[in-house]
Amino acid sequence: MCGIIGYIGGRNAAVEVYEGLKRLEYRGYDSAGAAFCDGDKLTLIKKRGKVEKLLPHLKSVRATIGIGHTRWATHGVPSDVNAHPHSVGNICVVHNGIIENYAELKAGLEAEGSVFLSRTDSEVAAHLLNKYYDGDLLYAMKMTVGKLRGSYALMAVCKGENKIVAACNKSPLIIGYGFGENYCASDEPALAGKCETIVVMEDGDLAEITAESVAVYNAVYNCELQSVIREPEPNLAVSADMSTGDCPHYMLKEIREVPESVLSTKRAFSGIADKFKTAVSGAKRIIMTGCGTAYHAALIGKRYFESFASIPVEVETAGEFRYKDPLINEDTVLFAISQSGETADTVEAARLARSRGAKIVAVTNSHRSQLNRIADIVVPVAAGPEICVAATKSYTGQITALYLCALAFAGKDDGGIIEYAAGLCRDVVKNTNVDKLAHMCARSRGTYFMGRDLDYAVALEGSLKLKEISYVPGDGYPAGELKHGTLALIDRRTVSVFVITDKELAGKSGNAVEQVISRGGKVAVVTNVKGLELPQGVSEVITIPECDKFLSPLLSVIVLQYLAYRTAVLLKKDPDKPRNLAKSVTVE
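Cut-offs used in this document
- Residues numbered from 1 in each chain as written.
- Predicted model: local features only at pLDDT ≥ 70, side-chain atom pairs only at ≥ 80, totals over all residues.
- Heavy atoms only, no water.
- Helix = DSSP H or I, 4+ residues; strand = E, 2+ residues; numbered from the N terminus.
- Rg over C-alpha atoms; globule rule 2.2 N^0.38 Å.
- Buried < 20%, exposed > 50% of the residue type's maximum accessible area, 1.4 Å probe, protein only.
- Contact = heavy atoms within 4.5 Å.
- Lys, Arg positive; Asp, Glu negative; His and termini not counted.
- Charge placed at Lys NZ, Arg CZ, Asp CG, Glu CD.
- pLDDT = per-residue confidence, 0-100.
- Patch = residues over 30% accessible without salt bridge, like charges linked within 9 Å, V, L, I, M, F, W, Y side chains within 5 Å.
- Areas by Shrake-Rupley, 256 points an atom, 1.4 Å probe, with all protein chains shown as cover.
- Salt bridge = Lys/Arg side-chain N within 4 Å of Asp/Glu carboxyl O.
- Polar contact = N/O pair within 3.5 Å; in protein donor to acceptor, adjacent residues only side chain to side chain.
- Axes fitted to C-alpha atoms, helices over the stretch in contact; angles between N-to-C directions.
- Left-handed = near helix turned anticlockwise from the far one by under 90°.
- Nonpolar A, V, L, I, M, F, W, Y, C, P; charged D, E, K, R; others polar.

### A word on the overall build of the protein chain
Here is step 1: Tallying secondary structure elements over the protein chain gives 18 helices and 25 strands in all.
Here is step 2: Computed over the C-alpha atoms, the radius of gyration of the protein chain is 25 Å, within 12% of the 25 Å expected from 2.2 N^0.38 for a compact globule of 588 residues.
Here is step 3: If you line up the protein chain on its principal axes, its C-alpha atoms span 80 × 50 × 45 Å.
Here is step 4: The burial tally for the protein chain puts 61% of its 588 residues in the buried class.
Here is step 5: A fraction of 72% describes how many contacts in the protein chain between residues 6 or more apart in sequence connect residues 24 or more apart.
Here is step 6: Between the mean site of the 67 positive side-chain charges and the mean site of the 69 negative ones, the protein chain shows a separation of 5 Å.

### A closer look at the confidence of the model for the protein chain
Here is step 1: For the protein chain, mean pLDDT is 91; residues scoring 70 or higher make up 97% of the total.
Here is step 2: Mean pLDDT values for the elements of the protein chain range from 85 in strand β15 (residues 233-234) up to 98 in helix α18 (residues 552-570).

### Observations regarding a nonpolar patch on the surface
Here is step 1: Residues Val81, Val115 and Leu117 make up a contiguous nonpolar surface patch of roughly 310 Å² in combined accessible area.
Here is step 2: Tracing the backbone through its elements, the reader meets Leu117 in the loop between α3 (102-111) and α4 (123-132).

### Here's the deal with the side chain of Lys163
Here is step 1: Here Lys163 is to be found in the loop between β7 (150-158) and β8 (164-169).
Here is step 2: In this structure Lys163 comes out as buried when scored by relative accessible area, which is 15%.
Here is step 3: A polar atom in the side chain of Lys163 sits 2.7 Å from the side chain of Glu208.
Here is step 4: Not counting residues up to four positions away in its chain, the partners in contact with Lys163 are Ile8, Ile65, Ala156, Val157, Glu208, Ile209 and Thr210.

### A short note on the side chain of Glu161
Here is step 1: Considering the arrangement of structural elements, one finds Glu161 in the loop between β7 and β8.
Here is step 2: Assessed through its relative accessible area of 11%, Glu161 is described here as buried.

### Things to note about the packing of helix α7 (residues 258-270) against helix α13 (residues 393-409)
Here is step 1: Between α7 and α13, the least distance of the axes is 8 Å, while the angle of their chain directions is 35°. Classified by chirality, the crossing of α13 by α7 is right-handed. Along its contact with α7, which presents Val258, Ser261, Val262, Thr265, Lys266 and Phe269, the element α13 presents Lys393, Thr396, Gly397, Thr400, Ala401, Leu404, Cys405 and Ala408.
Here is step 2: Classifying every residue of the contact of α7 with α13 by side-chain character gives seven nonpolar, five polar and two charged.

Written out as structure tokens, the structure reads:
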């Protein structure tokens, strides 16, 4: 969840760290901080709030070594004290992950006289580093990580030592190679335009980074450090345009980029189609898993595979799947869907399935990630950098990827239908107006999204979008379930948004619309069913282009993304950085 960045070299570390943190802020923005070394001077700055809060305090900093952190809180409320880096003695450390045995470690350290200032799990790492420090920061890091259980990406600096020491386990960490300078970061985008080659650290690795060299080790507690070779790879991250262009927010910009995400994903899939067919050949059973938006994409993917290829598909949230005792064998293919490829529950679900013989297909918008390294085949979601926390164009990229996978599995070609769908998406992006409905939602005490079959999956995603960026409560339901309990929630203060794109099911959904209106609820309908008969009393009808029902999720979801965005803006919420959330969920 949290973002970490380190720099050592001839440039001003304050500038390099700040720029890196801005690129990593989608990983968390509850608080931010940085530590800088300049000879025997150690400077520590940390503030509650977004990364920009650091800027006034960085203007006077001149240093050649720095580490920074932007936080998504897990242990301890967002505050200056709980912000990273944590400092004990002459050592400062930043941490991404969760230290599962921190309470036990903290109790032992307090018994030895350590005084803790924060409520975080991460501070135990600082105290352990200080405890084991004998003039060698690398040795202290080795001893420290030998005591930790859980996930961590750590970077530490020490006054008087001209180096950064890093370690990782089940949390991503990447080293960037420069000329007379080197970087370390939790994500490749932070290094875009900064270096040509990178090394992806593996679980259990430690690294000692100076301006001129990088040494990587794999250590076992109480044993000698073992030098290991991690082959450098090209840095594929491109310098993303950090501006919003002519849009006031990233979310609006990225919704407008949905059509290109569809086309780019099609182009990317054409390069791996044959490899994909080989990887999944002989599969008799498919499981799809993901979290949040990725889970909703999986629900649509299930219908694609079952309809196009007549193969049974199960869909489970990754957080539930990984703690079951799933029946898996070598005839099973697991589709692990994650925008970042670092979603902890999804990564661990893939590890579990692989350990039991399943083939793993990673569907991700990331060039390199833990999920990519686990997978037998990576199906790229070529949506490009997505800065807004709420997924928009990456979701439509996932749907496109799963559509193409299902066709390929069935031995069929898309026949240009994706290009056609992208054109329809452009039409929706250009012509949709949700202002009236957004005002209705902003005033409601609850907004409920309903649909049948594919429309139900889209309804779930629409509800999630509205909740996560506008904080308007509500949920997504199958329209047929309305009378089995949900109807009790309906009154004149609620809004119900029906998605109706299947001609065969339109009449059934219309009955549900009638039930809501008869209970005094406000109703809006998103549809492309020509001649759809709706009862009197529908407040708003938003039409999208007619298309095959299997393409409809690409179109209807754009309307719901716009709706969430406009509602958030009306309520004066930041749609790009919703409270309590981060984009890359690397902890359980």
